[in-house]
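# Survey of secondary and tertiary structure
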Amino acid sequence: MKKLVLNLLFFTSSIGLYAQDAVNYQTPPKEIADLLLAKPTPGVSIDSKAEWMLLSGRNSYPSVEELAMPEYRIAGLRINPYNYSPSRQTYINSLNLKNIKSGLNKAVTGLPSPLYAGNISWSPDEKKISFTHTTRKGVDLYLLDIATARATKINKYPLNTVLGSGITWLNNNTLLYRVAAKPASSAPPKPLMPQGPTIQQNLGKAAPSVTYQDVIKSP
C-alpha cells in the first residue's frame, strides 16, 4: 500500500512539474505554421486613371496581444476604451505603391513600425492617400504623398473612430476628421458598490431559469 501511495505521489508531482514547465504558448511544426501563417493576397486600390496601385498587406490572424485588448459592448458596438476605436479589427501591416504603366514599385517610407493601418481614402485629385494607424493609446491620421511615396502623421490629437472613420476630404488639400475630446484615461472610475439590489420578476408568466456556472457540485 505504501508503495502505491508513493507511486501516486510521484505521478501527481510529475504532472504538476510538467504543467508548470508548459506555461508559454506552444508552436506547431514548421510545416503547419507556414500553412496557417501564409500571407493573404494583398488588397488592391487603384486610382481612376489606372496609373497608381496601392498594395496593402495583412496578417493571416490577429496577434494574441491584439485579442487581449479590452472591449466594451455597447448598443451592438464593440469598442476599445483605450483608444476610441472598434475592437477586434483586421489591420493593414504593409503599404506599397506600384506605377501600373511603368511597373515600378515604390516602398512607402515614413510608416510606423509595427503598422496597424486602416480607413484608406484617396484625395479628390488622387495625388494623396489618407489612412489611420491604431496604437494602444489612440488612433493617428497619416497622409501618403503619391509622388514621393512618403507618409506623414498630420493629427495633433487622437482620432475617434468608434462610429466610422470620421474622415472626409473637403478638397485636395483639406481633411476634416473627428478627434477624441478627452483621453481615455479621463473616464470616470466604475464604483465597486452598486446603487441598489438586483431585482428579477416574471409577473406571473413562465420564464426560463438562469443556469449558474459556479454552483456547488458535491456535498
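Note: the structure precedes this text.
Quick summary incoming for the structure in this document. (Residues numbered from 1 in each chain as written. Predicted model: local features only at pLDDT ≥ 70, side-chain atom pairs only at ≥ 80, totals over all residues. Heavy atoms only, no water.)

Across three bridges, strand 3 (residues 72-74) lies against strand 4 (residues 77-80) in antiparallel orientation. Within strand 4, the position partnered with Ile74 by the bridge is Leu77. Taken together, strand 3 and the strand that follows it, strand 4, pair antiparallel across an intervening segment of two residues, in which Ala75 is found at a positive phi of about 50°. Where strand 4 meets strand 5 (residues 85-86), two bridges bridge the pair, whose relative direction is antiparallel. (Pairing = 2+ DSSP bridges. Helix = DSSP H or I, 4+ residues; strand = E, 2+ residues; numbered from the N terminus.)

Note: strand 1 (residues 43-46) against strand 2 (residues 52-58), four bridges, orientation antiparallel. If you follow Val44 over to strand 2, its bridge partner there is Leu55.

Taken together, Ile32, Leu35, Leu36, Leu37 and Tyr61 make up a surface patch of nonpolar side chains, about 540 Å² in accessible area. Its place among the elements puts Leu37 in the loop between helix 2 (30-36) and strand 1. (Patch = residues over 30% accessible without salt bridge, like charges linked within 9 Å, V, L, I, M, F, W, Y side chains within 5 Å. Areas by Shrake-Rupley, 256 points an atom, 1.4 Å probe, with all protein chains shown as cover. Salt bridge = Lys/Arg side-chain N within 4 Å of Asp/Glu carboxyl O.)

On inspection of all chains with the given rule, the structure shows four salt bridges. In this structure, Glu65 engages Arg136 in a salt bridge whose closest nitrogen and oxygen atoms are separated by 2.0 Å. Taken together, the positions of Glu65 in helix 3 (residues 64-67) and Arg136 in the loop between strand 9 (128-134) and strand 10 (139-145) put the pair 71 residues apart, joining distant regions of the chain. Taking relative accessible area as the criterion, Glu65 reaches 43% and is therefore assigned partly exposed. The exposure class of Arg136 is exposed, given its relative accessible area of 55%. Across the salt bridge formed by Asp140 and Lys153, the nearest N and O atoms sit 3.7 Å from each other. Residue Asp140 is located in strand 10, and its partner Lys153 is located in strand 11 (residues 150-153); the two are separated by 13 residues in the primary sequence. For Lys153, a relative accessible area of 43% corresponds to the partly exposed category. (Buried < 20%, exposed > 50% of the residue type's maximum accessible area, 1.4 Å probe, protein only.)

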